[in-house]
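Given next are the chains, with one letter for each unit.
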Amino acid sequence: MVEVEQRPLGALEQDVVATPERVLDEPGGVVEVRAEAVAAIGRLGDEDAPMLLFELLADESELIQEAAMTALARLPGERVKPLLLSALGSADHQVRVRA
């Protein structure tokens, strides 16, 4: 018989919670799942979101790049404008088009 530790419902360890950032860091993650994580980061809109989304514009997946640009463009605030302007000067044609 296997013994299972019993804990109250909702008493999960901190490292078990799947945050959008953790999903993005998963090696070999499914690109569609990663794209949804990017969209979630944009919807959450915390203070680190603009820079993280900007960094994702250089992701190898075009789907991730597109999701990052869409999420970045929807964020309010003055911090986003310089990032979008910087994306316009990117060497990557697709990044420029999306900006």
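Parameters and conventions
Residue numbers run consecutively from 1 along every chain, following the written order of its sequence. Predicted model: local features are reported for residues with pLDDT of at least 70 only, side-chain atom pairs are reported and counted for 80 or more only, and whole-chain, interface and lining totals are derived from all residues. With hydrogens and water excluded, all non-hydrogen atoms of the structure serve as input to the side-chain values. Between N-to-C directions, angles cover 0 to 180 degrees, with each direction set by a line fitted to C-alpha atoms, over the stretch in contact for helices. Note on conventions: DSSP H or I runs of at least 4 residues are helices, E runs of at least 2 residues are strands, and numbering of each starts at the N terminus. A crossing counts as left-handed when the near helix is turned anticlockwise from the far one by less than a right angle, and as right-handed when that turn is clockwise. Contact definition: two residues touch when any of their heavy atoms are within 4.5 Å. Values of pLDDT, the confidence the predictor places in each residue, fall between 0 and 100. Per-residue accessibility, obtained with a 1.4 Å probe over protein chains only, is compared with the maximum for each type, and a residue is labelled buried under 20%, exposed over 50%, and partly exposed between these values. Cavity: a set of points on a 1 Å grid over the protein atoms alone where a 1.4 Å probe fits but cannot get out. Pocket: an open set with protein on both sides within 12 Å along at least five of seven lines, its lining residues, like those of a cavity, having an atom within 4 Å of a point. Grid points are joined across faces, edges and corners, and a volume is the space filled by probe spheres set on the points. Just so you know the grouping, Ala, Val, Leu, Ile, Met, Phe, Trp, Tyr, Cys and Pro go in nonpolar, Asp, Glu, Lys and Arg go in charged, and all remaining residues, Gly too, go in polar.

At a minimum axis distance of 9 Å, the contact between helix α4 (residues 62-74) and helix α5 (residues 80-88) shows a crossing angle of 140°. When you trace α4 past α5, the crossing you get is left-handed. Contacts between α4 and α5 involve Met-69, Leu-72 and Ala-73 from the first element and Val-80, Leu-83, Leu-84 and Ala-87 from the second.

The next point concerns the confidence of the model for the protein chain. The share of residues in the protein chain with pLDDT of 70 or more is 74%, and the mean pLDDT across the chain is 77. No element of the protein chain has a lower mean pLDDT than helix α1 (residues 20-25), at 68, and none a higher one than helix α3 (residues 49-55), at 90.

A word on the environment of Leu-88. With respect to the helices and strands, Leu-88 occurs in helix α5. Judged by its relative accessible area of 43%, Leu-88 falls in the partly exposed class. Counting along the chain gives ten residues from Leu-88 to Arg-98, while the straight-line C-alpha distance between them is 8.5 Å. When sequence neighbours within four positions are dropped, the list of residues in contact with Leu-88 reads Arg-96 and Ala-99.

For the largest pocket, the calculated volume is near 150 Å³. Forming the walls of the largest pocket are Ala-39, Gly-42, Arg-43, Ala-67, Thr-70, Ala-71, Arg-74 and Leu-75. Listed by contribution, the elements that provide at least two residues to the lining of the largest pocket are α2 (31-44) and α4. It is α4 that provides the largest number of residues to the lining of the largest pocket, a total of four residues. Broken down by class, the residue content of the lining of the largest pocket amounts to four nonpolar, two polar and two charged.

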